[in-house]
Every structure is written in structure tokens, then in C-alpha cells.
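Coordinates in review
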Amino acid sequence: MISPVPTLAAATLHFLEQTLGAENLSVTNADREYHARDQSFHHAHLPAAIVFPENVAQVSAILKHAHAEKIPVTAWGAGTSIEGNSIPIAGGLVMDFLRMDKILRVYPEDFQADVQPGIKYKDMNAKLAAQGLFFAPDPGANASIGGMIGNNAAGTRTPGYGATRDNVMRLEIVLANGDVIHTGTRSKKTSSGYDLTHLFIGSEGTLGVVTQATIRLHPIPEHFSAAVASFETVADATRAVSAIMGAGLNPVALEFLDVATVRELNTTNEFHLRENPTLVIEFHSATAQAIEHELALARELCQDYACLSFEAGVGRAERDRLWKMRHSTYAVIVRNHPGVSFLICDVAAPVSKYSELVAACEAEIAALNLPGASIVGHAADGNAHPLVPYLPEDEASHARALTALGKMVRVALALDGTATGEHGVGLGKIPFMRQEHGASLDVMRALKNLLDPHGILNPGKMF
Ligand SMILES: Cc1cc2nc3c(=O)[nH]c(=O)nc-3n(C[C@H](O)[C@H](O)[C@H](O)COP(=O)(O)OP(=O)(O)OC[C@H]3O[C@@H](n4cnc5c(N)ncnc54)[C@H](O)[C@@H]3O)c2cc1C
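Not measured: the values here are computed from a predicted model.

Rules used throughout
Residues numbered from 1 in each chain as written. Predicted model: local features only at pLDDT ≥ 70, side-chain atom pairs only at ≥ 80, totals over all residues. Helix = DSSP H or I, 4+ residues; strand = E, 2+ residues; numbered from the N terminus. Rg over C-alpha atoms; globule rule 2.2 N^0.38 Å. Buried ≥ 20, exposed ≤ 12 C-beta atoms within 10 Å, placed from the backbone. Contact = placed C-beta atoms within 7 Å. Pairing = 2+ DSSP bridges. Axes fitted to C-alpha atoms, helices over the stretch in contact; angles between N-to-C directions. Near = placed C-beta within 6 Å. Nonpolar A, V, L, I, M, F, W, Y, C, P; charged D, E, K, R; others polar. Domains from an automatic or database assignment. Parallel < 35°, antiparallel > 145°, perpendicular 65-115°, else oblique. Left-handed = near helix turned anticlockwise from the far one by under 90°. Core = buried A, V, L, I, M, F, W, Y, C linked by C-beta atoms within 7 Å.

Turning our eyes to something else, we now look at the overall build of the protein chain. A count of helical and extended segments in the protein chain gives 16 helices and 19 strands. At 22 Å, the protein chain has a C-alpha radius of gyration in line with the 23 Å of a compact globule built from 463 residues. Its C-alpha atoms give the protein chain principal-axis dimensions of about 70 × 55 × 40 Å. Expressed as a percentage of the 463 residues in the protein chain, the buried residues total 51%. Across the protein chain, contacts joining residues at least 24 apart in sequence account for 72% of those joining residues at least 6 apart.

Now the structure itself:
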């Protein structure tokens, strides 16, 4: 890895000030500390300075200088990563895209928009709503588009609309040496050349920096419905997931809550859920009849798999109520167990192996014998998020939690799955990269060396 750069030479600071203006450069302790950690448990590392570029020309000039002077540069969106992805572990510069946060152009007839990387997807969707459009990937946290592209974020709506990777068509990228390239096309299909757009998506700012993206949008649906289905066993719930997908129904979201999560939610007295493995299902449609039809069919399919209860509601208010519940799970569990911290695990396997994956994860987290151990997941994607409890003041407890997390990842890999369904590699998943990718990891390393020969971009990640 490139040598750490804890402070910057006076000549570099002068160059940055000239390039950006003093108002777009910060070396204050408050700013450095804010940009030293993401939302994970990984140790903080102070950057030497933070730059807030306003345009691609500034980004290019800074990277050209950093490349020549071998200064680490870590791109920053909103810092909500949970694997250490945006922690500047070699110091140097953090490049925060806060001031590149515009929707540049909307193509309403093509359901596309050109946007800058610093815009937060929730703010963007609030603006796009005026045109009846939205960007579908929904990681829950208030993430930026650049960070979602960096991590290939996904979230609850992936079954219906895909992950970030499926919703980005073109990128403007500044390479490590300051060169600017444009990848992809606004055409819906192309067979032209290597797919560089998708190479950069999910590369966590290690191959280049995104300064603009053409994203795919969707019309805001007219009709919504949501249902909560409880099952005797996780295996029954998983079989119902496969049946729903296999029947050609097109759920937008299909979330799994284990019994422990349901019990935690019931403590709030806001929700009165049956304490069993549970699915939360959402449909969108253009007509009310289609929604009713999909719900009826989903109910039948769930009943085929010994569903104990199926409560459905139609309309945006009911949908919003259920998603408030789903999105509040982490906060409720943290609140219920003061003094306990949690590692958020992110493993995925083929849907047919989901119940095996969940069972193995349940056994691992139960063995820790601490409160709050629970699992939620994006069931239709085979993605599980076990919450792994530990006592923050107790190193041995933290080590046990990490061991459990490692075992869950190895189970996912043994089931033909992945170490990370959507949170990215960051620092946390580096130990599993060789096992997951074998010799492909060397090809990834070769690409990294080609595009960033001095290793200045988000050093210490991925490999
Ligand atoms: C409570 C909570 C729940 C979450 N739930 C989900 C979930 O359901 N699904 C999910 O997918 N994620 C989830 N996340 C994780 C996180 O929100 C996502 O990974 C999100 O995409 C990170 O976006 P960000 O703007 O915060 O990126 P950052 O953390 O700032 O950056 C992410 C990565 O992208 C790089 N990067 C940032 N900007 C650029 C750029 N312009 N060019 C190139 N690289 C760049 C960074 O260097 C870093 O490697 C959750 C996080 C929290 C805290």
C-alpha cells in the first residue's frame, strides 16, 4: 500500500487552495474527525485535509497532483458505509462531493437523468417526484448517489428494480492520473466493447472517481400494497419466496424478519406481529385490480406453505406503515439493549439455500449468548443481515463476534453465495476475497495496478 500521508506539504496545500478556493479546502480538526470514520466499528483514521470540489475540472486537477505526489485520495459521499469503505486509512485527502449535488438534466421520455455524485438519493427522489419519477435502489440510510455507485448499494426494492448496478447507464469518471473518461450509453441496449460502467460500479472508489452519472428512473407507481405473512419455519417462508417469484408475480420487495426481530419490534407496542418467521411483501402496479390480483395470488401461495397468517393492506399509507416498521428494526434493537454493540453482517446465497444460510447464522449468533442477536434480510435476493452482538468494552467479546461473522461468511461461500450482498468489501470483507474469487482476485489486482499504478485511490481497500 502507498505510504500513509498524515500531513500535507505546504506546496500541496497552496496548490489545493489555488485550485479550489480556500472555502473548498478544510484542515480543521472537526472536519478531519467527521471524515475519519464511516458507520462501521472499524477504527477511525484522520485524513490530512478534506477537499470539496465543485466541478470535474477541479477533480481532475487534484487527482493529477495527487498522482504526481503520491497522495492518497478517498472519495466520500455521505459516509454511511458499514464495512469501513470510506475510511481514509492512509490519511491524505478525502474528496467530499457535498458541493456536486445537482440534477443536471432529466430525460422524462427515456426515464433517465444526469446527476452529480454528491446528491442524496432521498433528496433527489423528492425533486424527481414533481415529474412523477424516482430512482429505485433504496439502502435506507441517507446515502449519496456516488456512494451508492461506489458500493453497488441495493436494499429493499431490489427484487422489483434491481441494485444500483442495474440502474446506472453512463458514468463520467476521473482516473487516478486526472484523465477524464466517459463510459456507457443512454441507449437501452449495447454490445459495444468492454462494460467499463459496470467495472467502476462497486469498485469503492479504488479505480476512479465518479463525477457524473446517467441513472435509470421509474414512474412512481399509482397503486401500492403490502402484506405481512407469518410461517411456522424459515424453510416454509423461503419456499413461499421461491413460489411467489416462480409464479411470475413481481414483488417489489420481499423482506425476511426472524422470530427474534419480530419479538424486538413487538416491544414497541406499535406493532402486534405474530412471533414467527415473517415475510413483508410489497407490490406496485398501474391498476388497483392488478394489485388485488397479485395480493390474492401471493396469499394463496403463502397458504400452500403453511402460512399461519397473511395480513394485507392496500394503499400508500399501509405500505408506509409497514416500511416504517421494517426500517426501524436496527434502531429498536439498539435502543432495547443499551451497553451492547452490533456488527451488521451481510451475506447472500442462492434463494434455494436461504433457509440453510439463515439457520447457520441463527446458530452462530445464538451461541454468543448476548441479547439483540437477530436476523433481517432481503429474502428474494437470498441476502441476510444477522446482527451480531458484542460488548464494546470487552475485547474478547468483540473477537468472538468477529469469529462468528467469519463463520457465517464461510457458510455463505460454501452455499455458492457471497461475502457481501450489498455493503461492499471495505476493510471488513478483505479476508474473504481470495476464498470467494480465487485467481480472479489477481485479475482485479492487475486492473487496479493498470488504472491506479501508484495506489492513491482509497488505499488499503479491496485487496
Ligand atoms: C442504518 C444503515 C442501513 C443500511 N442499509 C443498507 C441497505 O439496506 N442496503 C445497502 O446497500 N446499504 C445499506 N447501508 C450501507 C450504506 O448506506 C450504503 O453502502 C451507501 O451506498 C453508502 O453511501 P454513502 O454516500 O454513504 O457512501 P460513502 O460511505 O461515503 O462511500 C461509499 C464508497 O463509495 C466511494 N465513493 C463515494 N463517492 C464516490 C464517488 N463520487 N466516486 C467513486 N467512489 C465514491 C467511497 O470511497 C466508499 O468506498 C446501510 C447503512 C446504514 C448506516
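Moving on, there is more to tell.
With that settled, consider the sheet that holds strand β9 (residues 180-184). Taken together, five strands build an open sheet; the order of strands is β5-β6-β10-β8-β9 and the sheet is antiparallel. Each edge of the open sheet carries a strand with a single partner, namely β5 (103-107) and β9. Mean inter-strand twist for the sheet, computed between neighbouring axes without regard to direction, equals 15 degrees. The sheet strands contacting helix α3 (residues 56-69) are β8 (168-174), β9 and β10 (209-216), and the helix crosses β8 at an angle near 50 degrees.

With that out of the way, let us pick up the sheet that holds strand β2 (residues 49-51). Read from one edge of the open sheet, four strands run β1-β2-β4-β3, paired in mixed fashion. If you trace the sheet from one side to the other, it starts and ends with β1 (25-26) and β3 (73-76), each paired once. The sheet contact formed by β2 and strand β4 (residues 93-96) spans three bridges and is parallel. When the sheet's bridge partners are listed, Val51 is paired in β4 with Met95.

What follows is about the site of the ligand. Every one of the 36 residues lining the ligand counts as a neighbour, but Gly77, Gly146, Gly147, Gly150 and Gly205 are closest to it. Where the shell around the ligand is concerned, the elements lending two or more residues are β3, α5 (145-151) and β10. When residues of the shell around the ligand are assigned to their parent elements, the largest contribution, five residues, is made by α5. In terms of residue class, the shell around the ligand is made up of 15 nonpolar, 18 polar and three charged.

With five of five residues buried, strand β18 (residues 374-378) lies mostly within the body of the structure. Alternating positions in β18 separate into two faces, Ser374, Val376 and His378 on one and Ile375 and Gly377 on the other, with burial throughout. In terms of strand pairing, strand β13 (residues 253-257) meets β18 through three bridges, oriented antiparallel. What sits directly across from Glu255, in β18, is His378. Pairing between β18 and strand β19 (residues 383-390): five bridges, direction antiparallel. Residue pairing in the sheet places Ile375 in a bridge with Pro386 of β19. The loop that links β18 with its antiparallel partner β19 comprises four residues; one of these, Gly382, has a positive phi angle of about 65 degrees.

Turning next to the domain arrangement of the protein chain. Entries for the protein chain in the domain assignment read domain 1 (10-98), domain 2 (100-219), domain 3 (223-330) and domain 4 (337-424). Centre-to-centre separation of domain 3 and domain 4, based on C-alpha positions: 22 Å. In this assembly, 17 residues from domain 3 lie in contact with 15 residues from domain 4. Residue assignment for the side of domain 3 that touches domain 4 shows that the elements contributing at least two residues are α8 (234-246), β13 and α9 (259-266). Here the side of domain 3 that touches domain 4 gets six residues from one element, more than from any other, and that element is α8. In the side of domain 3 that touches domain 4, the residues fall into 10 nonpolar, four polar and three charged.

Okay, the pairing of β4 next. What you see with β4 is no split at all: Leu93 and Met95 on one side and Val94 and Asp96 on the other are buried throughout. Direction of pairing for β3 relative to β4: parallel, over a ladder of four bridges. Within β4, the residue paired with Thr74 across the bridge is Val94.

To continue, consider the packing of α9 against helix α12 (residues 329-336). Between α9 and α12, whose axes approach to 9 Å, the crossing angle comes to 75 degrees. Overall, the two elements α9 and α12 adopt an arrangement that is roughly perpendicular. The residues of α12 that touch α9, namely those facing Thr261, Glu264 and Leu265, are Thr329, Val332, Ile333 and Asn336. Tallied by class, the residues present in the contact of α9 with α12 amount to three nonpolar, three polar and one charged.

Next up on the list: the packing of α8 against helix α13 (residues 354-366). In contact at an axis separation of 8 Å, α8 and α13 are set at 150 degrees when each is read in the N-to-C sense. With respect to each other, α8 and α13 are oriented roughly antiparallel. Classified by chirality, the crossing of α13 by α8 is right-handed. Judged by residue contacts, Val234, Ala235 and Thr238 of α8 engage Tyr354, Ser355, Val358 and Ala359 from α13. Counted by class, the contact of α8 with α13 contains five nonpolar, two polar and no charged residues.

All right, on to the nonpolar core then. Membership of the largest hydrophobic core comes to 126 residues, with the highest contact counts inside it found for Val51, Ala229, Ala240, Leu279, Leu357, Val388 and Met408. Not counting residues within four places of it along the chain, the set of residues in contact with Val51 comprises Leu16, Leu20, Asn24, Leu25, Ile62, Leu93 and Met95.

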